[in-house]
Structure formats: structure tokens, C-alpha cells
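Tertiary structure, described
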Amino acid sequence: MSAHTIDHKVAIIGGGNAGISLAARLRRAGMTDIGIIEPAETHYYQPLWTLVGGGRAPASESARSEASVMPQGVGWIKDRAEGVDPDAQTVSTSSGTTIHYDHLVVCPGIQLDWDSVSGMAESIDTPQVSSNYRYDLAPKTWQMIQKMRSGTAVFTMPSGPIKCAGAPQKIAYLAADYWREQGVLDAIRVVLVLPTPGMFGVPVFAEELERVVARYGIEVRKNSEVTAVDPDGRSVTITDNSAGTTDELPYDLLHVVPRQSAPDWIKASPIADPENPAGYVQIDKNTLRHNRFDNIFALGDAGSSPNSKTGAAIRKQAPVVAENLQASIAGRPLTAQYGGYASCPLTTSRKTMLLAEFDYTMQPAPSIPLIDTTRERRDMWFLKRRGLPALYWNAILTGRA
Ligand SMILES: Cc1cc2nc3c(=O)[nH]c(=O)nc-3n(C[C@H](O)[C@H](O)[C@H](O)COP(=O)(O)OP(=O)(O)OC[C@H]3O[C@@H](n4cnc5c(N)ncnc54)[C@H](O)[C@@H]3O)c2cc1C
């Protein structure tokens, strides 16, 4: 092998939520010879960005050095994966290194396609537009919300799978509640643009969210999405996909969420799902093993399993991949199954939260006994603000939960 070849029994692409939690689990199970390919120096707890945009947490609390979350005994390859050759069992990187693996786990997250809507990429550099989907922009969202005293505020969600499908509406509620507190909500037209026919895919949570939008007087444009942004004219084009109509809406504040898809290099690789243009790694939705390559697994946002793309899903996926990977290495059948669990902590005000938990059946799948989590609750706020971040840094990333 050349000087630029590294060899690992298990190679993991991506040291985000999925990659670190899985590697930590494998180390706890006694596995050695694991390498993580991860170019970034900083690891982010992205769920906090909603609270940053809503003025309820500092951005700095969501960031830690990658070195501090890297499990001991794991080889950190500070490089960007660019291609996978499943026949040669290699990953190629941008620096020209080749990593040879026996087993591969693919979890580089999802790609934000800023350019897929005309004008959106340019608009985020203007003072009226922001997005909680970027660490550097989430504090700007809060500055914009604080300055707003009257006019039109538009919050958008794109069509297609995105990470945390609840985040585009959570920030609308945090903003509306702040404006209510400030006594200016009546002077602000709040518009929420959703591509879906309902507020949420699970009826019991959708009904609760209908009550929330009615409370704030939010105008919801369902089956609709923003198809162009004009940052100079400060207006968005909204397409109603069920009626087949478009209209222009002027804005004074705009919170955008870009369309999302698998990273381009995954789309172009043999491990992508050839049937699906979104290009996610084609895996069995229960075992999380690749449909065609037995020694490849995927979890997290980059996998094709049809769950809601969330960290909550990864909490249930990581133990399944850890167990099935060990079974595959030992030549045993795969027995661990992922049932599609995901959850969405929907911040419905600056003090309340609705914890929507569900699985592949799209029925509620509550994990907290005795309390009714189909309603927005004050105690759940503390779970979102304090409990979940602590769980993430201390237990999930260390492979204990
Ligand atoms: C605003 C917002 C709010 C959210 N709210 C919630 C919430 O309330 N609850 C919840 O459960 N989830 C929430 N999420 C979703 C959650 O953050 C993601 O689902 C989760 O981080 C996905 O984990 P991942 O490991 O697949 O990807 P990530 O955590 O994004 O990690 C991917 C890693 O791969 C690395 N990488 C990328 N490309 C390459 C490459 N070519 N080679 C090597 N490494 C690469 C990246 O640097 C990164 O470290 C939210 C997300 C956002 C943006």
C-alpha cells in the first residue's frame, strides 16, 4: 500500500451526531481499529440553534471542539471523504489519501441546497433574512426578531426531506410569543409557509399545533413553498402546489430553510439509491445495512431510511448499527431492528414545548411515562433547554444513551 493509504477494520465517514455516538458505542463494546474521517475542527449540537434564533440560548453553547468529543482510541482522519469504491473497499479523500476498510459506516449528514431556490443564497446576506440552519446565522435571527415592531414576517419550510422538519415552524412560534410579550404581535402579519397538507404528519400533534397557530393569529399557507426570493424587492414567490398558483408576498423579516439532499459526492457514488434523485445511501430501513453491499451501513441524515431526520432518530439507530455491525463482522445474522422512532421537540412558545414522538407507523410513540406529551407543556421546556443538551454531550456522544 502507498504512503497515502490508511487501513481500518471499521471506517466511519462523518464525526457528527451519528458518527461520534456510534464510534463511542463500538469502543465501549471493546472494538478496536476504528477510524473516523472528519474534516471539521468544531462539533455542533444543532438542535440548540432553534433556541439561539429565538433568543433563548447562546450560540457558543452549541459548539465544542471535535477533539473533545472524539472517543479515546479512535483514529481521527482529518480529511474530507470524496468517494467510495465498494468493490475495492476504499474511501478516497480530498487530500488524496485512500482509506481501506473491512466495514464502512457512512454518516456525513445532509447537504443544504441554498442555490435550489432562486435568490435564496443571495438573500441571506441582507439584513432582513436569516436561517437557523447555520450556526453563524442563528444569532442574526434573534437580532431581526428583536428589531421587528410591525410589518410582515415570513417563515418558510421547503419541500422534500430536511433535518428536523419541525424547526421551520418552531422559530415562528418563538418569534410570535416574543412579539406577544412585547405587545406588538397585533401589528405584525406572521405567515408560515408549509409544503405539507397539515401542520404535522401525526394527527394528534397537528391538532395541537392548529391551536398554537390560532393563538398567535399566524396565517398558514399549506401545500405551498417559496420558489423564489427577491432580496432587492424584499418579496418571496410562493407556489401553492395543490392549486397550481403562485403569488408574491412582500416581507420585512424572512426566515428561510433551504431544500436539502444527500451530499453531492454521495449522490454520484455507487452507494446512493439509484431510484431516488435525493441520493441518500441506500439502506434497509430496519437493519440500516446497505441494500447491495453487506459491509456498508449508514445512519443519521445521510441514510435513505424514511424516518424523520433527527438526532432523536440517531439515538435509536446507533445501538442498532453497533449491534448489526458487530454481528456482520462475526459472520452472524443481523438481528437488531430500527422501528423508525424519531421525535421533534416543538417549541410552541418561549416557555412551552410539545414533544412529538412517533415511528414508521406515524402513530405517537411516547417514551416518557405518566405525562400527556400530546399537549404543549412547561415542564417539557426544561427538557429542551437543559435536559436534552446534557443528554447529548454526556450520554449520547459517549455511547451511554
Ligand atoms: C436548526 C436545527 C434544529 C434541529 N433540531 C433538532 C431537534 O430539536 N431534535 C433533533 O433530534 N434533531 C434536531 N436537528 C437535527 C439534528 O441536528 C440532525 O438530525 C443530526 O445532527 C444528524 O446527525 P448526522 O451525524 O447525520 O449529521 P451531522 O450531525 O450534521 O454531522 C455530519 C458530520 O459529517 C461531517 N462531514 C460532512 N461531509 C463530510 C465528508 N465529505 N467527509 C467526512 N466528514 C464529513 C460534518 O463535518 C459533520 O461533522 C436540528 C437541526 C437543525 C439544523
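Quantities reported herein were computed from a predicted structural model and do not represent experimental measurements.

Calculation criteria
Residues numbered from 1 in each chain as written. Predicted model: local features only at pLDDT ≥ 70, side-chain atom pairs only at ≥ 80, totals over all residues. Heavy atoms only, no water. Pairing = 2+ DSSP bridges. Helix = DSSP H or I, 4+ residues; strand = E, 2+ residues; numbered from the N terminus. UniProt positions renumbered as here; feature names shortened; annotations may be inferred. Axes fitted to C-alpha atoms, helices over the stretch in contact; angles between N-to-C directions. Left-handed = near helix turned anticlockwise from the far one by under 90°. Contact = heavy atoms within 4.5 Å. Buried < 20%, exposed > 50% of the residue type's maximum accessible area, 1.4 Å probe, protein only.

So, the pairing of strand S16 (residues 245-250)
With six bridges connecting them, strand S15 (residues 235-240) and S16 associate as antiparallel partners. Each bridged residue has a counterpart across the sheet, and for isoleucine 238 the counterpart in S16 is aspartate 247. Taking the residues between adjacent antiparallel strands as the criterion, S15 and S16 are bridged by four residues, where glycine 244 takes a positive phi near 70°.

A few points about the UniProt feature "domain: FAD/NAD(P)-binding" (unreviewed entry) in the protein chain
Within the UniProt annotation, "domain: FAD/NAD(P)-binding" (unreviewed entry) is assigned to residues 9-306. Secondary structure within residues 9-306 divides into 23% helix and 28% strand; the distance between the first and last C-alpha atoms comes to 29 Å.

Comments concerning the packing of helix H5 (residues 138-147) against helix H6 (residues 167-182)
Here H5 crosses H6 at 35°, and the two axes come no closer than 10 Å. The way H5 lies across H6 gives a crossing that is right-handed. Across from Thr141, Trp142, Ile145 and Gln146 in H5, the residues of H6 making contact are Ile171, Ala175, Tyr178 and Trp179.

Brief notes about unusual backbone geometry
Even without being a glycine, arginine 234 presents a positive backbone phi close to 50°. Relative accessible area serves as the criterion here: at 34%, arginine 234 is assigned to the partly exposed category. Positive phi outside glycine occurs at methionine 362, with the angle close to 60°. Inspection of the secondary structure puts methionine 362 in the loop between strand S21 (353-358) and helix H10 (379-396).

Remarks on the environment of proline 263
Along the chain, proline 263 turns up in the loop between strand S18 (259-261) and helix H8 (264-267). In contact with proline 263, other than residues within four places in its own chain, are Pro108, Gly109 and Gln111.

Observations regarding the sheet that holds strand S10 (residues 129-130)
Here five strands make up an open sheet; going across it, the order is S10-S17-S11-S12-S13 and the pairing parallel. Two strands close off the open sheet at either side, each with one partner strand: S10 and strand S13 (219-221). Note that strand S12 (residues 188-193) and S13 share three bridges and pair parallel. Residue valine 193 lies in a different strand from S13, and its bridge partner there is arginine 221. Along the sheet, H6 contacts strand S11 (151-156), S12 and strand S17 (253-255); its crossing angle with S11, the most-contacted strand, is approximately 155°.

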